[in-house]
Amino acid sequence: MSDTSSNSSETPEPASAGEPESGPSSKQEKPRKQGKKEPRAGESQETSQPREAAPEEDVQDAVPHPRPVPAHTGAPARAGAGTPTRAAPRGPAPTHTGRRPQQRPAHPTQLPDWQQWQPTPHEPPVWIGEISSDEPAPIRVATLWCVVVTGLLSGLLLGDGLGLNLLIVTVPAAFAAYFAAREAGRRPRPWTLVWAVGGVALLSVPALRDAGWPTFLAMASALGLGSLALHGCRTWLGVVLGPLGLFGSLGTGLFWGVRGVRERAEGSRGRWAPVLRTAAVAVVLLIVFGALFASADAAFADLLGGLTPDVSVADGPWRTLLFVVGVVGALAAAHTAAAPLHWDRITVKPGAPRARVEWALPLIVLNLLFALFIAVQLTVLFGGYDKVLSETGLTYSEYATQGFWQLLGATLLTLLVIGLARRWAPRDGAGDRTLVNAVLGVLCVLTLVVVASALRRMDLYVDAYGLTRLRVSVAAMELWLGLVIVLIMAAGALGGRWLPRAVAVSGAAGVLIFGLISPDALVAERNVERYRSSDKIDINYFQQLSADAVPALDTLPEPLRSCALEGIERDLSDADEPWYATSWGESRARDILDDRPIDPRWEACSTMIRLTDSGGERDSYDSESTGDGF
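Before going into details, it helps to say that this report is about the structure given with it. (Residues numbered from 1 in each chain as written. Predicted model: local features only at pLDDT ≥ 70, side-chain atom pairs only at ≥ 80, totals over all residues. Heavy atoms only, no water.)

**A short note on the overall build of the protein**
And step 1. Looking only at helices and strands, the protein features 28 helices and zero strands.
And step 2. For the protein, buried positions account for 33% of its 630 residues.
And step 3. Carbon and sulfur atoms form 63% of the exposed surface of the protein, whose accessible area is close to 37400 Å². (Helix = DSSP H or I, 4+ residues; strand = E, 2+ residues; numbered from the N terminus. Buried < 20%, exposed > 50% of the residue type's maximum accessible area, 1.4 Å probe, protein only. Areas by Shrake-Rupley, 256 points an atom, 1.4 Å probe, with all protein chains shown as cover.)

**Let's talk about the packing of aromatic side chains**
And step 1. This model, assessed by the stated rule, comprises five aromatic pairs.
And step 2. Where W191 meets W195, the ring centres are 5.3 Å apart and the plane angle is 35°; that geometry is what we call tilted. Of this pair, W191 and W195 both sit in helix α9 (residues 190–202), four residues apart, which is roughly one turn of the helix.
And step 3. Since its relative accessible area comes to 30%, W191 is described here as partly exposed.
And step 4. Relative to F216, the ring of W213 lies with its centre 6.0 Å away and its plane at 20°, an arrangement referred to as stacked. (Phe/Tyr/Trp six-rings, centres within 6.5 Å; stacked < 30°, edge-to-face > 60°.)

**Some points on the side chain of R501**
And step 1. Within the fold, R501 resides in helix α21 (residues 499–517).
And step 2. Among residues more than four places away in sequence, those in contact with R501 are W191, W195, C233, R234 and V239. (Contact = heavy atoms within 4.5 Å.)

**Things to note about the nonpolar core**
And step 1. One finds I539, F542, L545, L553, L556, L565 and I568 to be the most contacted residues of the largest nonpolar core, which totals 54 residues.
And step 2. W195, L203, C233 and I346 belong to the second largest nonpolar core, which has 18 residues in total. (Core = buried A, V, L, I, M, F, W, Y, C linked by side-chain atoms within 4.5 Å.)

**What about a nonpolar patch on the surface?**
And step 1. On the surface, a nonpolar cluster with roughly 570 Å² of combined accessible area is contributed by V141, W145, V148, L152, L156, F323 and V324.
And step 2. At the level of elements, α7 (141–157) and α15 (316–338) are the ones that each hand at least two residues to the nonpolar patch.
And step 3. Here the nonpolar patch gets five residues from one element, more than from any other, and that element is α7.
And step 4. By the secondary structure assignment, W145 is in helix α7.
And step 5. Of the residues examined, W145 reaches a relative accessible area of 44% and is grouped as partly exposed. (Patch = residues over 30% accessible without salt bridge, like charges linked within 9 Å, V, L, I, M, F, W, Y side chains within 5 Å. Salt bridge = Lys/Arg side-chain N within 4 Å of Asp/Glu carboxyl O.)

**Regarding α21**
One full turn of an α-helix is made of 3.6 residues, so residues set three or four places apart face in the same direction.
And step 1. With 19 residues, α21 extends 27 Å from end C-alpha to end C-alpha; this agrees with the ideal 27 Å at 1.5 Å per step.
And step 2. For α21, every residue scored as buried is listed here: L499, P500, R501, A502, V503, A504, S506, G507, A508, V511, F514 and G515.
And step 3. A positive phi of about 60° marks S518, the residue just after α21. (Expected span 1.5 Å × (residues − 1).)

**Considerations on the pattern of salt bridges**
And step 1. All chains considered together, the criterion is met by nine salt bridges.
And step 2. With its nearest N and O atoms 3.3 Å apart, the salt bridge here joins D160 to R319. Within this pair, whereas D160 is found in the loop between α7 and α8 (164–183), its partner R319 is found in helix α15, the two being separated by 159 residues in sequence.
And step 3. We classify R319 as buried; its relative accessible area is 9%.
And step 4. When the shortest N-O distance is used, the salt bridge between R596 and D554 registers 3.2 Å. Separated by 42 residues along the polypeptide, R596 in the loop between α26 (584–595) and α27 (602–613) and D554 in the loop between α24 (550–553) and α25 (560–574) bring together distant segments of the chain.

**Considering a negative patch on the surface**
And step 1. Negative charge collects at one region of the surface, where E569, D571, D574, D591, D594 and D595 lie side by side.
And step 2. Among the secondary structure elements, those contributing two or more residues to the negative patch are α25 and α26.
And step 3. Structurally, D574 is set in helix α25.
And step 4. On the accessibility criterion, D574 (61% relative accessible area) is exposed. (Lys, Arg positive; Asp, Glu negative; His and termini not counted. Charge placed at Lys NZ, Arg CZ, Asp CG, Glu CD.)

**Description of the packing of helix α20 (residues 469–494) against α21**
And step 1. Interaxial distance between α20 and α21 falls to 10 Å at its minimum, and their mutual angle equals 155°. Looking at the two axes, α20 sits roughly antiparallel to α21. Between α20 and α21 lies a crossing of right-handed hand. Here V472, S473, A476, W480, L483, V484, L487, I488 and A491 of α20 lie close against α21, whose contacting residues are L499, A502, V503, S506, G507 and F514.
And step 2. The class makeup of the residues in the contact of α20 with α21 is 12 nonpolar, three polar and no charged. (Axes fitted to C-alpha atoms, helices over the stretch in contact; angles between N-to-C directions. Parallel < 35°, antiparallel > 145°, perpendicular 65-115°, else oblique. Left-handed = near helix turned anticlockwise from the far one by under 90°. Nonpolar A, V, L, I, M, F, W, Y, C, P; charged D, E, K, R; others polar.)

**Side note on the environment of F370**
And step 1. In this fold, F370 is placed in helix α16 (residues 356–383).
And step 2. When its relative accessible area of 10% is taken as the criterion, F370 is described as buried.
And step 3. Counting along the chain gives 75 residues from F370 to V445, while the straight-line C-alpha distance between them is 10.0 Å.

Any functional reading would require information beyond the geometric quantities listed.
What follows is the structure, given as structure tokens:
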């Protein structure tokens, strides 16, 4: 270790050995110069006074001894002096503070033995720093109040089921995020409003429909759209990873809220006591006078009992957990709005472009295979299914089911092929762009024909064996994949900056439509129509449907009507839910059953079940009898 690096901030030695000095400084130098060889003119001090380098351990552990510093006389240096001088120091000589100098050796072998085995701290990946946002601004009082209201509503309303209460709880949480975003200087943009409105629309599905599967899809999609509204993503990675950012704010949002509450409490201790006293007095007055009025009038008691939640001491732990979930979720949404993760900053390098022949030849072969398959499908369409079934020996169920699943898989794989082809597509000029658009455009068109063939096979299967929930779901999935292919074709012609958000919007719109039309209601309507045309019906399957199927099943003649509605009526009678946890479909079903009560006769219903289970008068709906997954 050289002197230049270790003593660069110390006071330099005199400029030359033979330069006279006046005043007390010269006297102070005499004892120092005794027994010491003076440097010659033109020789630097480093070369004239060699020092032996100390080991690294000694340099780091030893306490440096103070060196005498000559007093500065203010006399200018003699012109023409041959000895080079050091730069004048900018401050006093450093003093020892008792800490070891923070110097990191260039190689691990220079470390002491005990330090070579210590774990080295790992820095976070670069992309984490790129997507991270600045520290959010302190939480506002309005945001805190919205968070508290969200927690209270969650604990009081969500414990009885899902319905309109989910939308009620979301409103104060949305306001908390809005106030936090305004405090951070963010303003709503058009796409932010699209995501927010779409999320609210999806939360209307639990309030309108009773079926569980569409409700779950609507809730998951609403959570994803809400996260996109908070982050404001526009790229593929942003749209896919944006919903994950909301879960990452669960812990940080909670600490952010606790810190804000502590700061507000320390600054305004005198103002909290009047607020708490006022709230306590209001609650006591409501309880006392509400109880008096309820005991005085039975109608008022019924109204009050229907409006207020039914909270018992036994539900205390469950209500407390829901309160905590509501508070943590609202704080996570507000923290994300104040400091969102910038997923769009993650850049994916494009793949190395391939040569035209290397890229286009496999896709052209695939297009030829698609064209051959479509030609066979057209032959079947015009020649008739009966001829194909007689030649292949398959039944309607085997032919339609086998073909649908294979075609659905072919559609999904085609989307993957298109994505990989775009990554490695040649891009040297206009000729390459034309080739890419032509080859991928033909593939997309042929894939749309495959989608239409798959839907045609599903329609054939439904005509023969009826409609079920699963058949509705997979057909809806195939329709959405066809829409995605159309969007990809439009992006190839117009540019694809809008494609990720358009695909997300189309998926959310599909979930919304799927929930609003209610698969159970659609299944009941189609099978009632099938009974009228072919006298084929499955009473057992109807009893598994939700309350959304009651209006269609109510049109059946007796005793089919009572037998079909028996299971639904039993579920509705067992469930005693308040108004905020009851969907519109469930309420409508109760009204229908109250106006026209069912009268299931055990002998008639059991006879119908035996007939349908015998296999002679029923085309089974389940997988055990047909051997398929529908």
